[in-house]
Amino acid sequence: MFPFAPGSVLLTALAPILWGTTYLVATEYLPEGRPLWAAVIRTLPAGMLLIAYTRQRVHFISWGRLLLLSGLNIAAFQALLFVAAYRLPGGIAAITGALQPLMILALAWGVDQMRPTGSAVGIALSAVAGMALLILSPDAKWDFVGICAALTASASMAAGIFLSRRWKSDMPLLAFTGWQLALGGLLLLPWAIFIEPPLFSLSMTNVVGYTYLSILGTLFAYALWFRGIARLSSVAVSALGLLSPVTAILLGWLMLGEAMRLREILGILIVLASVFALQWQRRTKPNGDSQGTLKAKAA
């Protein structure tokens, strides 16, 4: 019997796998130079759809936290994600996600005084080492703005995961997801209007790309992601986020003909082993509290 919840892990893993397709879809199916509009179209319609379906109101006392979570999990993350996707190859764009487990451990230590064990830090560092094999590739294309955007996106998501786990909402899962998506999209809308050119016309390819990202890559993926946050530890969830760059790299190899040598294969294997090791270590009780190395009630 596995010492973690395999069903919750597998369902949660689908979210970063779907997010890993964002880089391929953005470069092949969406209009060029519209990262903010892509983030708005991806999040706002999906959020409104869920709000209309659930008809769940927000208590006044919850608005502050909900706005902050929407800004971290949706607005900042999605905007920076698309900036990185437009400026970097898929694998490099997602590479900084390897730092998320370390960021979560640092937050738990700094905020909750939950000092991580050496094994937890070691496993997280092994994931970074696996990603480094890809970063240090001679063919890797660097873009300073893109790298900064990807790194900040990872930090934003790490903070969002930590606070979402810390501030457990009494709202139903779909309503909690819908309100965050809608508020995140609304926060992004003014920036898209004033910074980027408007979308006067869309091709059928663009419509297919936006629809895929909004329904599968956002509505479905975020519902699974927030479900996982409620059931797994923060470090375990953030470790699953490493499946996003792995997916992006594999799709780049399969669909775009990007190079895949022994270095890349070894890096992917190390990352996958690190993800599994963190899931194995971070045991989860039925009520969702972690009892692993941090033993934090809201890790």
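Note that the structure is a prediction, hence the values are computed from the model and not measured.

Q: How do you make sense of the overall build of the chain when you look at a structure like this?
A: From N to C terminus, the chain includes 13 helices and 0 strands. Relative to all contacts within the chain whose residues are 6 or more apart in sequence, the contacts with residues 24 or more apart total 89%. Here the chain displays about 13500 Å² of accessible surface, and carbon together with sulfur accounts for 70% of that area.

Q: Looking at this structure, I do not really get the nonpolar core. What am I missing?
A: One broad rule of soluble globular proteins: the nonpolar side chains tend to lie buried together. Within the largest apolar cluster, 76 residues are counted, with the highest numbers of intra-cluster contacts made by Leu 30, Tyr 222 and Trp 225. Apart from residues lying up to four places away in sequence, Tyr 222 is in contact with Trp 19, Asn 73, Ile 74, Phe 77, Gln 78, Met 157, Thr 177 and Leu 181. Counting 5 residues, the second largest nonpolar core, distinct from the first, contains Leu 88, Ile 147, Ala 149 and Ala 150.

Q: In this structure, what is going on with the confidence of the model for the chain? I would like to understand it.
A: Detailed reading of the predicted coordinates is not advisable wherever pLDDT is low. Taken residue by residue, the chain gives an average pLDDT of 79. The fraction at 70 or more is 84%. The low-confidence segment residues 284-299 (pLDDT under 50) makes 49 contacts with residues lying over four places distant or belonging to another chain.

Q: Looking at this structure, I do not really get the side chain of Asn 73. What am I missing?
A: Mapping Asn 73 onto the fold places it in helix α4 (residues 63-87). On the basis of relative accessible area, Asn 73 is assigned to the buried category, the value being 0%. A distance of 3.1 Å separates polar atoms of two side chains, one belonging to Asn 73 and the other to Gln 180. Setting aside anything within four residues of it in sequence, one finds Asn 73 in contact with Met 157, Gly 160, Ile 161, Ser 164, Gln 180, Tyr 222 and Phe 226.

Q: Explain the packing of aromatic side chains here, please?
A: Within a pair of aromatic rings, the relevant descriptors are the distance that separates the centres and the angle that separates the planes. According to the stated counting rule, one finds 6 aromatic pairs in the structure shown. Seen from their ring centres, Phe 176 and Phe 226 are 5.4 Å apart, and the 70° between their planes marks the pair as edge-to-face. Residue Phe 176 is located in helix α9 (residues 173-195), and its partner Phe 226 is located in helix α10 (residues 204-231); the two are separated by 50 residues in the primary sequence. Taking relative accessible area as the criterion, Phe 176 reaches 10% and is therefore assigned buried. Classification of Phe 226 by relative accessible area gives buried; the value is 3%.

Q: Whenever I open this one, the environment of Leu 219 confuses me. Can you help?
A: Position of Leu 219 among the secondary structure elements: in helix α10. Of the residues examined, Leu 219 reaches a relative accessible area of 17% and is grouped as buried. The spatial distance from the C-alpha of Leu 219 to the C-alpha of Gly 178 is 7.8 Å, given a sequence separation of 41 residues. Leaving out residues up to four positions away in the same chain, Leu 219 has contacts with Ala 46, Leu 49, Leu 50, Leu 181 and Ser 214.

Q: Sorry, what's going on with a nonpolar patch on the surface here?
A: A cluster of nonpolar side chains, namely Leu 11, Leu 14, Ile 17, Leu 49, Ile 215, Leu 216 and Phe 220, defines an oily patch on the protein surface of about 550 Å² accessible area. Contributing elements (two or more residues each) for the nonpolar patch: α1 (6-19) and α10. If you trace the backbone, Phe 220 turns up in helix α10.

Q: Would you mind going over the environment of Arg 227 with me for this structure?
A: Residue position: Arg 227 is located in helix α10. Spatially, the C-alpha atoms of Arg 227 and Thr 12 are 7.3 Å apart, while their sequence positions differ by 215 residues. Once residues within four sequence positions are removed from consideration, Arg 227 is found in contact with Ser 8, Leu 11 and Leu 173.

Q: Help me understand the side chain of Thr 218 in this model?
A: With respect to the secondary-structure elements, Thr 218 resides in helix α10. Within the structure, the side chain of Thr 218 is placed 2.7 Å from the side chain of Arg 42, a separation counted as a polar contact.

Q: What's the story with unusual backbone geometry in this structure? I'm lost.
A: As a rule of thumb, non-glycine residues mostly have phi less than zero, and peptide bonds are mostly trans rather than cis. Backbone geometry at Arg 55 places phi at a positive 55°, although glycine is not the residue there. Topologically, Arg 55 is positioned in the loop between α3 (35-54) and α4. Look at Arg 55 and you get exposed, because its relative accessible area is 76%.

Q: Help me out: how do you make sense of the packing of helix α6 (residues 100-112) against helix α8 (residues 144-166) in this one?
A: Packed helices, taken two at a time, are described by the angle between their axes plus the distance between the axes. The geometry of α6 relative to α8 is characterised by a closest axis approach of 9 Å and an angle of 50° between their N-to-C directions. By the angle between their directions, the pair α6 and α8 is classed as oblique. In this structure, the crossing between α6 and α8 has a hand that is right-handed. On the side of α6, the interface is formed by Gln 100, Met 103, Ile 104, Leu 107, Ala 108, Val 111 and Asp 112, while α8 contributes Leu 151, Ser 154, Ala 155, Met 157, Ala 158, Ala 159, Ile 161, Phe 162 and Arg 166. Here the contact of α6 with α8 is built from residues that sort into 12 nonpolar, 2 polar and 2 charged.

Cut-off values and rules
- Residues numbered from 1 in each chain as written.
- Predicted model: local features only at pLDDT ≥ 70, side-chain atom pairs only at ≥ 80, totals over all residues.
- Heavy atoms only, no water.
- Helix = DSSP H or I, 4+ residues; strand = E, 2+ residues; numbered from the N terminus.
- Contact = heavy atoms within 4.5 Å.
- Areas by Shrake-Rupley, 256 points an atom, 1.4 Å probe, with all protein chains shown as cover.
- Core = buried A, V, L, I, M, F, W, Y, C linked by side-chain atoms within 4.5 Å.
- Buried < 20%, exposed > 50% of the residue type's maximum accessible area, 1.4 Å probe, protein only.
- pLDDT = per-residue confidence, 0-100.
- Polar contact = N/O pair within 3.5 Å; in protein donor to acceptor, adjacent residues only side chain to side chain.
- Phe/Tyr/Trp six-rings, centres within 6.5 Å; stacked < 30°, edge-to-face > 60°.
- Patch = residues over 30% accessible without salt bridge, like charges linked within 9 Å, V, L, I, M, F, W, Y side chains within 5 Å.
- Salt bridge = Lys/Arg side-chain N within 4 Å of Asp/Glu carboxyl O.
- Axes fitted to C-alpha atoms, helices over the stretch in contact; angles between N-to-C directions.
- Parallel < 35°, antiparallel > 145°, perpendicular 65-115°, else oblique.
- Left-handed = near helix turned anticlockwise from the far one by under 90°.
- Nonpolar A, V, L, I, M, F, W, Y, C, P; charged D, E, K, R; others polar.

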